[in-house]
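Structure assessment
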Amino acid sequence: MRTHPFRQRPHHQGFTLIEILIVIVIIGSILAFAASRIFGQGETAKASLTKGRISELTGQLDLYKLETGRYPTTAEGLKALLQAPAGAANWNGPYAKNPNAIKDAWTNDMIYRSPGTDNRPYEIISLGADNREGGEGVNKDLNSWQ
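A brief structural summary.

About the criteria used
- Residues numbered from 1 in each chain as written.
- Predicted model: local features only at pLDDT ≥ 70, side-chain atom pairs only at ≥ 80, totals over all residues.
- Heavy atoms only, no water.
- Pairing = 2+ DSSP bridges.
- Helix = DSSP H or I, 4+ residues; strand = E, 2+ residues; numbered from the N terminus.
- Core = buried A, V, L, I, M, F, W, Y, C linked by side-chain atoms within 4.5 Å.
- Buried < 20%, exposed > 50% of the residue type's maximum accessible area, 1.4 Å probe, protein only.
- Phe/Tyr/Trp six-rings, centres within 6.5 Å; stacked < 30°, edge-to-face > 60°.
- Patch = residues over 30% accessible without salt bridge, like charges linked within 9 Å, V, L, I, M, F, W, Y side chains within 5 Å.
- Areas by Shrake-Rupley, 256 points an atom, 1.4 Å probe, with all protein chains shown as cover.
- Salt bridge = Lys/Arg side-chain N within 4 Å of Asp/Glu carboxyl O.
- Polar contact = N/O pair within 3.5 Å; in protein donor to acceptor, adjacent residues only side chain to side chain.
- Contact = heavy atoms within 4.5 Å.

1. Here we look at the sheet that holds strand β2 (residues 123-126)
Strand order across the open sheet formed by three strands is β1-β2-β3, with antiparallel pairing between neighbours. Each edge of the open sheet carries a strand with a single partner, namely β1 (111-113) and β3 (142-143). Examined bridge by bridge, β2 and β3 share two bridges and lie antiparallel to one another. Its bridge partner being in β3, Ile 125 is matched across the sheet by Asn 143.

Next up, the structure:
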């Protein structure tokens, strides 16, 4: 009997259960690490976006004052940047692009007071991710004077 020189030897077919479990554990660990980094940054990004919105609103309020001669009252609020309040002479708005521009990144209404505390002409406050006074991290209040 003659053997063929390219006779196939038995090969290992597929993976063992242990090999598959090890790969699944490694992939799961990588995904868990990546997900915690990505999702943790989402709230931080919202805080940065809110700080940017507050800064943008301060510029819009200054333009409002330049054209009308005064800042909106507390009762008129930030909505005065979207629609002319009664008695606002020379209102040349809208000063804000859309209603979301006067909300924080968590879609909560920002607090506006005029006059503000400590002799400030106004103050804008976001209560952070938890929408409650105080807090730390992403729940920390953000304001226009810091």
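2. Notes on the nonpolar core
In terms of nonpolar packing, the biggest core is built from 21 residues, with Leu 57, Leu 61, Tyr 64, Leu 78, Leu 81, Tyr 112 and Ile 124 touching the most fellow members. Among the elements that make up this core, the one with the highest residue count is helix α1 (residues 17-68) (five residues).

3. Quick word on the packing of aromatic side chains
Per the counting criterion, the structure on display carries four aromatic pairs. Relative to Tyr 95, the ring of Tyr 64 has its centre 5.6 Å away and its plane inclined at 70 degrees; by these criteria the two rings are edge-to-face. Here Tyr 64, found in helix α1, pairs with Tyr 95, found in the loop between α1 and β1; they are 31 residues apart in sequence, far enough to count as distant. Between Trp 91 and Tyr 95, the ring centres sit 5.6 Å apart and the planes meet at 90 degrees, which makes this aromatic pair edge-to-face.

4. Points about a nonpolar patch on the surface
On the surface, a cluster of nonpolar side chains totalling about 550 Å² of accessible area is made up of Phe 15, Leu 17, Ile 20, Leu 21 and Ile 24. Within the secondary structure, Leu 21 sits in helix α1. Residue classification places Leu 21 among the partly exposed positions, given a relative accessible area of 44%.

5. A few points about the side chain of Thr 50
Along the chain, Thr 50 falls in helix α1. Residue Thr 50 is classed as buried on the basis of its relative accessible area of 0%. From its side chain, Thr 50 meets the backbone nitrogen of Ala 105 in a polar contact 3.0 Å long. In contact with Thr 50, not counting residues within four places along its chain, are Asp 104, Ala 105, Trp 106, Ser 126 and Leu 142.

6. Here's the deal with the side chain of Ser 126
With respect to the secondary-structure elements, Ser 126 resides in strand β2. On the basis of relative accessible area, Ser 126 is assigned to the buried category, the value being 0%. Not counting residues up to four positions away in its chain, the partners in contact with Ser 126 are Thr 50, Ile 54, Asp 104, Trp 106, Met 110, Asp 141 and Leu 142.

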